[in-house]
Amino acid sequence: MHDYVLGLIGGVLLGLAALVVRLGIGVPLGISGFLSKALSFRPKVADWRLAFLAGMALVALLLPSVYPVAISEVPSGGLGLIALAGLLVGAGARFAGGCTSGHSLCGMGNLEGDSIVATVVFIASGAATVFLMGGGLG
Amino acid sequence: MSRYLLAFVAGALFALGLAVSGMSQPSKVRGFLDFLGEWDMTMLFVLGPAVGIYFLGTRVGKKVLPHKFVSGPDPEKMGFRFFAGNVCFGVGWGMVGLCPGPAIANLGQANLPVVVFFVCLLVGISVADRVVARL
């Protein structure tokens, strides 16, 4: 199947997942926020978010045997670069009040101004980074 | 249905969506960010239905389940912290092509780079939360 068709199907699944959380539980879906609450190590704070992360983890464990193509790609770059990127993404998302799921999916889907600005800023800085590193395939 | 079961199903659906859409693959993400190179516009095809379904679903939801919408998230104050955070996020995202959701989806490959990224992601989240708590 063409990448764009798979993108559309996957996009439907992502939208439905966010809607289930919004309508079923009553809050927007945001992975960095869920991880932050889970890292409080207080079960009452983390609550149902642990069940959400467990659902993700189950699929993550099944992907290697069910749909390995999706995760066959090992991130490129040295471990130092990867570690720095992980720190920047984690800290950046918390300072920005959300990551791609919270801002670009739920926030933009609810037409929130701050989320639209956040998405524009991180796409622009991501694009500048890819350009300075010599392109997406580099 | 209990909200734990709902949350579990939503989490599975979300990871599946990342895998099917191709957004679990760093090269697809970096390809999207490579506007001046061989631009890969797949992410637009992902965001379109995802944002559209969420938009329409929440419009209907506000009418059908108004009690779920009494409080939403407060908008972020668009100050230095907000912009610096988004720039840091974007730079890290562009460097490797992973953000929090796809990092979890990739954990099953049990490769050192993915594990290193995920652990550092958690460290970044904890450190930032502690800094914000002191502000």
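Residues numbered from 1 in each chain as written. Chains lettered and ligands numbered in written order. Predicted model: local features only at pLDDT ≥ 70, side-chain atom pairs only at ≥ 80, totals over all residues. Heavy atoms only, no water.

Participant: Mind laying out the interface of chain B and chain A, listing which residues take part and the relevant values?
Facilitator: In this assembly, 96 residues from chain B lie in contact with 98 residues from chain A. On the chain B side of the contact with chain A, Phe14, Tyr54 and Met95 of chain B bury the most area, a combined 9% of that side's loss. Counting every contact that joins chain B to chain A gives three salt bridges. One salt bridge connects arginine 94 of chain A with aspartate 129 of chain B, and the closest N-O pair in it is separated by 2.7 Å. (Contact = heavy atoms within 4.5 Å. Buried area = accessible area lost by both parts, 1.4 Å probe. Salt bridge = Lys/Arg side-chain N within 4 Å of Asp/Glu carboxyl O.)

Participant: Now, about helix α6 (residues 100-109) of chain A: what can you tell me, with residues and values included?
Facilitator: With nine of 10 residues buried, α6 of chain A lies mostly within the body of the structure. Once α6 of chain A ends, the next one or two residues include leucine 111 of chain A, with phi positive near 55°. (Buried < 20%, exposed > 50% of the residue type's maximum accessible area, 1.4 Å probe, protein only. Helix = DSSP H or I, 4+ residues; strand = E, 2+ residues; numbered from the N terminus.)

Participant: Quick one: what's the story with the packing of helix α4 (residues 48-66) of chain A against helix α1 (residues 3-21) of chain B, residue by residue and with numbers?
Facilitator: Contact pair α4 of chain A / α1 of chain B: the axes reach a minimum separation of 7 Å and the direction vectors enclose 40°. Relative to α1 of chain B, the element α4 of chain A lies oblique. The crossing of α4 of chain A and α1 of chain B is right-handed. Along its contact with α4 of chain A, which presents Trp48, Ala51, Phe52, Ala54, Gly55, Met56, Leu58, Val59 and Leu63 of chain A, the element α1 of chain B presents Arg3, Tyr4, Ala7, Phe8, Ala10, Gly11, Ala12, Phe14, Ala15, Leu16, Leu18 and Ala19 of chain B. (Axes fitted to C-alpha atoms, helices over the stretch in contact; angles between N-to-C directions. Parallel < 35°, antiparallel > 145°, perpendicular 65-115°, else oblique. Left-handed = near helix turned anticlockwise from the far one by under 90°.)

Participant: A description of the UniProt feature "transmembrane region" (unreviewed entry) in chain B should follow, citing residues and the corresponding values.
Facilitator: Residue and element names in this part refer to chain B. Using the residue numbers shown here, the UniProt feature "transmembrane region" (unreviewed entry) corresponds to residues 40-57, 78-98 and 110-132. Spanning residues 40-57, this segment combines 89% helix with 0% strand, and its end C-alpha atoms are found 28 Å apart. Annotated as residues 78-98, this span is 81% helix and 0% strand, and its ends, taken at the C-alpha atoms, are 25 Å apart. (UniProt positions renumbered as here; feature names shortened; annotations may be inferred.)

Participant: Go over the layout of surface pockets with me, naming the residues and quoting the values.
Facilitator: Roughly 780 Å³ of internal volume is contained in the largest pocket. What lines the largest pocket is a set of 38 residues, among which Pro28, Gly33 and Gly97 of chain A together with Pro73 and Glu76 of chain B lie closest to the centre. Here the residues of the lining of the largest pocket are counted per class, giving 13 nonpolar, 14 polar and 11 charged. Of the volumes computed, that of the second largest pocket is approximately 170 Å³. In terms of lining residues, the second largest pocket is bounded by Ser36, Lys37, Leu39, Ser40, Phe41, Val45 and Arg94 of chain A together with Ser126, Asp129 and Arg130 of chain B. Broken down by element, the residue count for the lining of the second largest pocket peaks at three residues, all from helix α6 (residues 112-134) of chain B. (1 Å grid on protein atoms, 1.4 Å probe; cavity = no way out; pocket = protein on both sides within 12 Å on 5 of 7 lines; lining within 4 Å. Points joined across faces, edges and corners; volume = space filled by probe spheres on them. Nonpolar A, V, L, I, M, F, W, Y, C, P; charged D, E, K, R; others polar.)

Participant: Give me the lowdown on empty space enclosed by the protein, citing residues and values where you can.
Facilitator: Over the atoms rolls a probe the size of a water molecule, and its path tells where empty space is left. All chains considered together, the criterion is met by one cavity of 30 Å³ or more. Taken as a whole, the largest cavity encloses approximately 290 Å³ of empty space. Taken together, 22 residues line the largest cavity, and the ones lying closest to its centre are Thr100 of chain A together with Leu18, Met23, Leu47 and Cys99 of chain B. For the lining of the largest cavity, the secondary-structure elements that each account for two or more residues are α6 and α7 (113-132) of chain A together with α1, α3 (42-64) and α5 (100-105) of chain B.

Participant: Lay out the UniProt feature "transmembrane region" (unreviewed entry) in chain A in plain terms, naming residues and giving numbers.
Facilitator: Look at the UniProt record and you will see "transmembrane region" (unreviewed entry) annotated at residues 6-29, 50-71, 77-96 and 116-137 of chain A. Across residues 50-71 of chain A, helical content stands at 77% and strand content at 0%; the span's end C-alpha atoms are separated by 23 Å.

Participant: So what about α1 of chain B? Which residues, and what values?
Facilitator: The end-to-end C-alpha separation of α1 of chain B is 26 Å, in line with the 27 Å expected for 19 residues at 1.5 Å each. Of all the residues in α1 of chain B, the buried ones are Leu6, Ala7, Ala10, Gly11, Ala12, Phe14, Ala15, Gly17, Leu18, Ala19, Val20 and Ser21 of chain B. In this structure, the buried side of α1 of chain B is in contact with α1 (3-25), α2 (31-38), α4 and α6 of chain A together with α3 and α5 of chain B. One side-chain oxygen at the N-terminal end of α1 of chain B lies 3.1 Å from the backbone nitrogen of tyrosine 4 of chain B; it belongs to serine 2 of chain B. Within two residues after α1 of chain B, glycine 22 of chain B carries a phi angle of roughly 90°, on the positive side. (Expected span 1.5 Å × (residues − 1). Polar contact = N/O pair within 3.5 Å; in protein donor to acceptor, adjacent residues only side chain to side chain.)

Participant: Hey, could you go over a nonpolar patch on the surface for me, with residue numbers and the actual values?
Facilitator: Among the surface-exposed residues, Leu87 of chain A together with Val115, Val119, Val123, Val127, Val131 and Leu135 of chain B lie close enough to one another that they form a single nonpolar patch of about 560 Å² accessible area. When residues in the nonpolar patch are grouped by element, the largest group, five residues, is from α6 of chain B. Here leucine 135 of chain B lies in the segment after α6. According to the relative accessible area criterion, leucine 135 of chain B is exposed, its value standing at 72%. (Patch = residues over 30% accessible without salt bridge, like charges linked within 9 Å, V, L, I, M, F, W, Y side chains within 5 Å. Areas by Shrake-Rupley, 256 points an atom, 1.4 Å probe, with all protein chains shown as cover.)

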